[in-house]
Amino acid sequence: MSQPLYRHGDVFLQAVQLPNTRSLRPTGHLTLALGEVTGHSHRLSAPDSAVLYASSGPDQYLHVQSAQATLIHEEHAPIDLPQGWYRVWQQREYIPGSVRTVLD
Amino acid sequence: MQVTPAEAVRLLKHRTAPDALHVTGPLDLSGAAWLRELPLWLRCSALILDDCPQLSALPQDLQCDRLSARRTPALTELDGRISVRERADFSGSGLKRVQAELRASRLSFAGCRALTQLEGQISVNTLDLSGCSSLLHLGAALHVIQTLELAGTSLASLPPGLRAGLRWSGVPVDARFVLQPEALTGREVLLTRNVQRRRILLDRLGVEKFLADVGGLVLDRDRDAGGERQLVQVPFEDDEPLVAVLVRCPSTGGRYTLRVPPFVRTCAEAVAWTANLNVTDYRPLREA
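First, a word on what this report is: a plain description of the structure on this page. (Residues numbered from 1 in each chain as written. Chains lettered and ligands numbered in written order. Predicted model: local features only at pLDDT ≥ 70, side-chain atom pairs only at ≥ 80, totals over all residues. Heavy atoms only, no water.)

This part covers the overall build of chain A. The helix and strand tally for chain A stands at zero helices and 10 strands. Its C-alpha radius of gyration of 14 Å places chain A within 12% of the 13 Å reference for a compact globule of 104 residues. Along the first, second and third principal axes, the C-alpha set of chain A runs to 40 × 30 × 30 Å. Counting only residues that meet the buried cut, chain A has 46% of its 104 residues in that class. A total of about 5,300 Å² of accessible surface is found on chain A, and carbon and sulfur atoms cover 51% of it. Across chain A, the 7 positively charged side chains and the 9 negatively charged ones have centroids separated by 10 Å. (Helix = DSSP H or I, 4+ residues; strand = E, 2+ residues; numbered from the N terminus. Rg over C-alpha atoms; globule rule 2.2 N^0.38 Å. Buried < 20%, exposed > 50% of the residue type's maximum accessible area, 1.4 Å probe, protein only. Areas by Shrake-Rupley, 256 points an atom, 1.4 Å probe, with all protein chains shown as cover. Lys, Arg positive; Asp, Glu negative; His and termini not counted. Charge placed at Lys NZ, Arg CZ, Asp CG, Glu CD.)

What follows covers the nonpolar core. Residue and element names in this part refer to chain B. Grouped together as the largest cluster of nonpolar side chains are 75 residues, with contacts concentrated most on Leu47, Leu58, Leu67, Phe90 and Phe109. A per-element tally of this core places strand E8 (residues 97–108) first, with five residues. Viewed by domain, this core spans two of them, domain 1 (2–182) and domain 2 (186–281), each represented by three or more residues. (Core = buried A, V, L, I, M, F, W, Y, C linked by side-chain atoms within 4.5 Å. Domains from an automatic or database assignment.)

Summed over the entire model, instances satisfying the criterion amount to eight aromatic pairs over all chains. For the ring pair Phe12(A) and Trp89(A), a centre distance of 5.6 Å and an interplane angle of 25 degrees mean the geometry is stacked. Note that Phe12(A) is positioned in strand E2 (residues 11–16) and Trp89(A) in strand E8 (residues 79–90), a separation of 77 residues in sequence. You can call Phe12(A) buried: its relative accessible area is 0%. You can call Trp89(A) buried: its relative accessible area is 6%. Considering the side-chain rings of Phe90(B) and Phe109(B), the 5.5 Å spacing of their centres and the 20 degrees angle between planes classify their relative orientation as stacked. Residue Phe90(B) is located in the loop between strand E7 (87–89) and E8, and its partner Phe109(B) is located in the loop between E8 and strand E9 (117–119); the two are separated by 19 residues in the primary sequence. In this structure, Phe90(B) and Phe109(B) share a single accessibility class: buried. (Phe/Tyr/Trp six-rings, centres within 6.5 Å; stacked < 30°, edge-to-face > 60°.)

Moving on, we get to the interface of chain B and chain A. Contact with chain B, which involves 27 residues of that partner, is made by 26 residues of chain A. Buried area between chain B and chain A, summed over both chains or domains, comes out near 2,300 Å², and the portion from carbon and sulfur atoms is 51%. For the chain B face of the interface with chain A, the top three residues by lost area are Trp273(B), Arg286(B) and Ala288(B), together amounting to 24%. Taken together, the links from chain B to chain A amount to one salt bridge. A salt bridge links Arg7(A) to Glu287(B), with the shortest nitrogen-to-oxygen separation between them at 3.1 Å. (Contact = heavy atoms within 4.5 Å. Buried area = accessible area lost by both parts, 1.4 Å probe. Salt bridge = Lys/Arg side-chain N within 4 Å of Asp/Glu carboxyl O.)

Turning next to helix H4 (residues 195–205) of chain B. Residue and element names in this part refer to chain B. Those residues of H4 that fall on the buried side of the exposure criterion are Arg198, Ile200, Leu201, Leu202, Arg204 and Leu205. Capping the start of H4 is the job of one residue whose side-chain oxygen sits 3.1 Å from the backbone nitrogen of Gln196: Asn194. Gly206, located one to two residues past H4, shows a positive phi value of around 95 degrees. (Polar contact = N/O pair within 3.5 Å; in protein donor to acceptor, adjacent residues only side chain to side chain.)

As a further point, take helix H6 (residues 267–274) of chain B. Three- or four-residue spacings in an α-helix give side chains the same orientation, since the helix completes a turn every 3.6 residues. Residue and element names in this part refer to chain B. In terms of residue burial, H6 counts as a mostly covered element, since six of its eight residues are buried. Taken together, the buried positions of H6 are Cys267, Ala270, Val271, Ala272, Trp273 and Thr274. Positive backbone phi, approximately 60 degrees, marks Asn276, located one or two places after H6.

Have a look at this one:
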């Protein structure tokens, strides 16, 4: 059975086993994605609840350290994430000849 | 003072470079984390300043054959007099304001998303402003002889005297395409025979408005947490068809449209593709 998957607008999170932390570096913030046009963001509500890491690829990794953390956005209902590690990535769309990431 | 490129790097690193430095070859300072500024009246053949994180200013008077200052986040302003015989490339820099006397054969500010002011006596053969999304107006003294690339810009006006050929991702376009994308129609897209031109028209118009204008063949429909989803297709002559999934956001109720590859045949497959997952793996526990 696959790991729990969450969709928050154009951002996906999937629970993962402990990733290889040697290739990760803390971002120093908890904003998973920032809308270029609106300035709205997918972020965690409590600053001490988690650590967000950048990886060598396009994915980010989120480590929820408290029992639960809440993912919020100006336009989307909140989602509660249980303690653990999550892979975080953006929705994509197709354009002939390439693929681009969606930023709402 | 005339010096070799290696000697010039040593002087610059020790901050002992005098003004009017004449370098007898290409000066490659790419990736120099220590570099903040350069001496006045610098002369060299090529000046490479890519990826210098702290570089915040160019000399007030600079002459060279080639200039490359790509990905220089601290370089926010350009002024003074810059003369480049061939290509001057500032793509991906942190430039916000350009108020310079700038001459070059080819000039690029591609991807300078913070650029809001482009003024001064700028005279070039070709100018690339693609991705300069904050730039609304161009200076009246801008002189572009051949082509002006504008993909990804949101310009509100063009200088009245501008005679350059306008390009969008390399495709010739007119001023209406650049300034009034809201006036474009789905019918225009369908009636455009040239494939490249049709693609950029569609990109400029947006898949959502295109489908609202012309409709489409419904390939599949089902329901998810947001309500009904539809997968629609519009065939094009001499090109792959447009296939897009229309979904509703479970939080806002707003509709949105995402283009997916032409081989996709069901809504579930389409939405899984947008998440870069197989349809069997796309089982969200929670969507909002």
